[in-house]
Amino acid sequence: MHLFPARASNSARGSRWIRAAAAVGDRAAWFSDLHVDSASALVVFLQQAAAADDGGDDDDDDDDIILRRITAGKLPPKISPLIDLPLPIIGPLLNFIMTLRNFKKIEQTEQFGEVMRIPFLFSTAITVVSLEGLKIGLSCKSQGKKVLGTQQAESINALWGRKSLSNISGSEHSRVKKLLHPTVSVKIVANYVSRMESASEDWLRDVVEPALGKPTKMYEPVRRFMMEMPLRLVLGLGDAAPEVGIIADRRAQGCDNLSDTLSEMIKQGQLTDEEMEDQMVTIMLAGYETTAAVMCVAMHVLPMHPEVLEKLRKEQEGIDGPVDWAKFESMTYMLNFVKECLRHHGPVLSFFRTVTDAFEVGGYKVPQGYIYQYHLAAVQRNSVEQPEKIIPERYEDPSNPLNQPFGFTPFGGGEYLCLGERFAKMEICVFLRALVMRYNWTHAAEDPRMMYAPLFLHFTDDLPLIFTRL
Ligand code: HEM
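How each quantity is defined
- Within any chain, residue numbers begin from 1 and follow the written order of that chain's sequence.
- With the structure being a predicted model, the display of local features is reserved for residues of pLDDT at least 70 and the display and counting of side-chain atom pairs for 80 or more, all residues being used for whole-chain, interface and lining totals.
- Processing note: side-chain calculations cover all non-hydrogen atoms of the structure and skip hydrogens and water entirely.
- UniProt positions are given in the numbering used here, feature names are shortened, and annotations may be inferred rather than shown by experiment.
- By the criteria applied, helices consist of DSSP H or I runs no shorter than four residues and strands consist of E runs no shorter than two, each listed in order from the N terminus.
- The buried label goes to any residue with under 20% of its type's maximum accessible area, the exposed label to any with over 50%, and the partly exposed label to all in between, with areas taken from a 1.4 Å probe on protein chains only.
- Contacts are residue-level and defined by heavy atoms, with any inter-residue pair within 4.5 Å sufficient.
- Areas reported as accessible are Shrake-Rupley estimates using a 1.4 Å probe. Residue values count occlusion only from the protein chains shown.
- For Na, K and Ca the donor cutoff is 3.2 Å, while for all other metals N, O and S atoms count as donors only within 2.8 Å; water does not appear among the atoms, so some sites may look incomplete.
- Each residue is tested against the molecule or strand, and it is near if at least one of its non-hydrogen atoms lies within 4 Å.
- Whenever two N or O atoms come within 3.5 Å, that pair is a polar contact, provided that in protein one can donate a hydrogen and the other can accept it, and provided that, for residues adjacent in sequence, both atoms are side-chain atoms.
- A pair of strands counts as paired when DSSP detects no fewer than two bridges linking them.
- Angles here are taken between N-to-C directions and fall from 0 to 180 degrees, while the axes themselves are lines fitted to C-alpha atoms, restricted in helices to the stretch in contact.
- Pairing of aromatic rings covers Phe, Tyr and Trp, the last through its six-membered ring, and needs centres within 6.5 Å; plane angles under 30 degrees mean stacked, over 60 mean edge-to-face, and all others mean tilted.
- Whether a charge sits over a ring depends on NZ of Lys or CZ of Arg being within 6 Å of the ring centre and within 35 degrees of the ring normal.

Going by the annotation in an unreviewed UniProt entry, the name recorded for the protein chain is Cytochrome P450, with Tribonema minus given as the source organism. Entered under Cofactor (unreviewed entry) in the UniProt record, the comment concerning the protein chain runs "heme".

**Concerning the overall build of the protein chain**
Helix and strand counts for the protein chain stand at 20 helices and 14 strands. Looking at the 470 residues of the protein chain, the share that counts as buried comes to 56%. The long-range fraction of contacts in the protein chain, counting pairs at least 24 apart against all pairs at least 6 apart in sequence, stands at 75%. Looking at the protein chain as shown, the accessible area adds up to about 19,500 Å², and 53% of this sits on carbon and sulfur atoms.

**Digging into the coordination of the iron atom of the ligand**
Inspection of the coordination sphere of the iron atom of the ligand shows a single protein donor, Cys-418 (SG), at 2.3 Å. Within the fold, Cys-418 resides in the loop between α19 (377–382) and α20 (421–436).

**Overview of the side chain of His-300**
Among the structural elements, His-300 can be located in helix α15 (residues 289–301). On the basis of relative accessible area, His-300 is assigned to the buried category, the value being 8%. Apart from the residues lying within four places of it in its own chain, the contact partners of His-300 are His-443, Pro-448, Met-450, Phe-459 and Leu-463.

**Concerning the site of the ligand**
Taken together, 30 residues surround the ligand, and among them His-173, Lys-177, Phe-351, Arg-353 and Cys-418 come closest. A distance of 2.8 Å is found between an oxygen atom of the ligand and a side-chain nitrogen or oxygen belonging to Arg-353. The side chain of Tyr-374 places a nitrogen or oxygen atom 3.2 Å from an oxygen atom of the ligand. Of all the elements in the fold, those that place two or more residues in the shell around the ligand are α8 (170–180), α14 (273–286), α15, β7 (350–355) and α20.

**Some remarks on the sheet that holds strand β6 (residues 215–217)**
Strand order across the open sheet formed by three strands is β6-β14-β11, with antiparallel pairing between neighbours. For this open sheet the edge positions go to β6 and β11 (439–443), each flanked by a neighbour on one side alone. Taking the axes of each pair of neighbouring strands and ignoring which way they run, one obtains an average angle of 45° across the sheet. Bridge count for β6 against strand β14 (residues 464–469) is three bridges, and the pairing is antiparallel. Across the sheet, Pro-215 pairs through a bridge with Ile-466, a residue of β14.

**A look at the packing of aromatic side chains**
Per the stated rule, a full pass over the model turns up 11 aromatic pairs. Ring centres of Trp-441 and Phe-467 lie 5.7 Å apart, and the angle between their planes is 35°; on these two criteria the pair is classed as tilted. Placement of the pair is Trp-441 in strand β11 and Phe-467 in strand β14, with a sequence separation of 26 residues. Trp-441 gets classed as buried once you look at its relative accessible area, which sits at 7%. The class of Phe-467 is buried, set by a relative accessible area of 1%. Each residue in the set Trp-203, Phe-225 and Phe-431 is aromatic and connected to the rest through ring pairs, giving one cluster. For the cation-ring pair, Arg-195 lies above Tyr-192, with the distance from its terminal atom to the ring centre recorded as 4.6 Å.

Following this line, the structure appears as structure tokens:
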């Protein structure tokens, strides 16, 4: 599947993308430096799309979304990554960086306890690896009182936008989120099931088939693949949409017959253009790396769990294609397997909030003004027996801690609960169905390397696998 065909059918869009991509080059490097890897990868993807899309006139580029933002000089000067704090004291920072590696956090907890303090010169972060800490982080409340507010690095703010769901709070956040829910409803996401199925089949044909029998690095190709789907969902790109996701053009041309997120937002007529733009950028960035990571975790664990693979195949063999929403919902074993992948190596390590009011966690006082880091991945992984093992049946047992409130939170919770959960699960299940029905595979490297860098799970050796046809 190619989102942007090598020859663009028409268009104003070619020149716009090419000019913006040219301007963006060094900014992409800026992002890589900061390890804001997802932004960097998306920029490269867009540049390549521009290169493929070579037609066009000299239309103005007012509406280019990510590119305009990146080239508009809105970015803050280069300072420390992630939480934009003043210069740190070296020891704690090194410690902090080291803990991002895989599940070192769990080992650290054994050494230092579940609540750790990271002093910086002018500020302090508290990092909490416990269920109690997670509950406070997700609900933003302690003992019923609101104690946490949003906290994003200035660099992320600049890229995602000040009106991004991730950067707004309180009644503004509730209003925008309420308006966004219908744009990712079952009705909308269901439209993408068959697209995801055919896109997955095309992708397997293009990427896996030519590599049969040879070690092939899967992580990067999967990531690139997963960049395309949010762009389709959000902007309708490559589908019926008349233009490259442009708010003004879309409004002018009418979108009554379109059902992507942007068209739905325009039809609602309740969000400003800035609000819509920021949500689109947010969804594009939030929506691909996470999903790609889960698909790769699935590919990583399945060769070590042949009994699970067999059950997955059995379930899928009982479901005739093509898949639709009802068939997707009937994939209960597959859904439970995907949950296990999310538990085994949740794609999101942790999140940050700002302490707006002092509170206590794990017997420690957390003062106002501190930064609060709560951990999703490590807490969940630790919450079951035999955490290394993939056991989809865990989700069938109501007494399992995973099935208790806050027991399973890879998509977050509370007011900031992931907007794309439904879409993500559909994408992953439909992709895995296509994969397990066609191939067997083994690891080409003995010890696949995974790490959180900085907050999202990455396969640093690109997950080399060897596929054979079933
Ligand atoms: C397996 C895949 C995914 C995982 C594990 C995941 C995880 C998360 C988590 C943990 C949050 C909460 C952030 C916080 O507490 O501040 C979140 C928020 C969000 N996610 Fe996802 N996500 C995934 C896929 C997606 C997809 C596919 C989309 C879009 C189509 C998406 C869009 C969003 C948005 C817009 C938010 C912000 C919600 C808000 O602030 O109210 N995510 N996600």
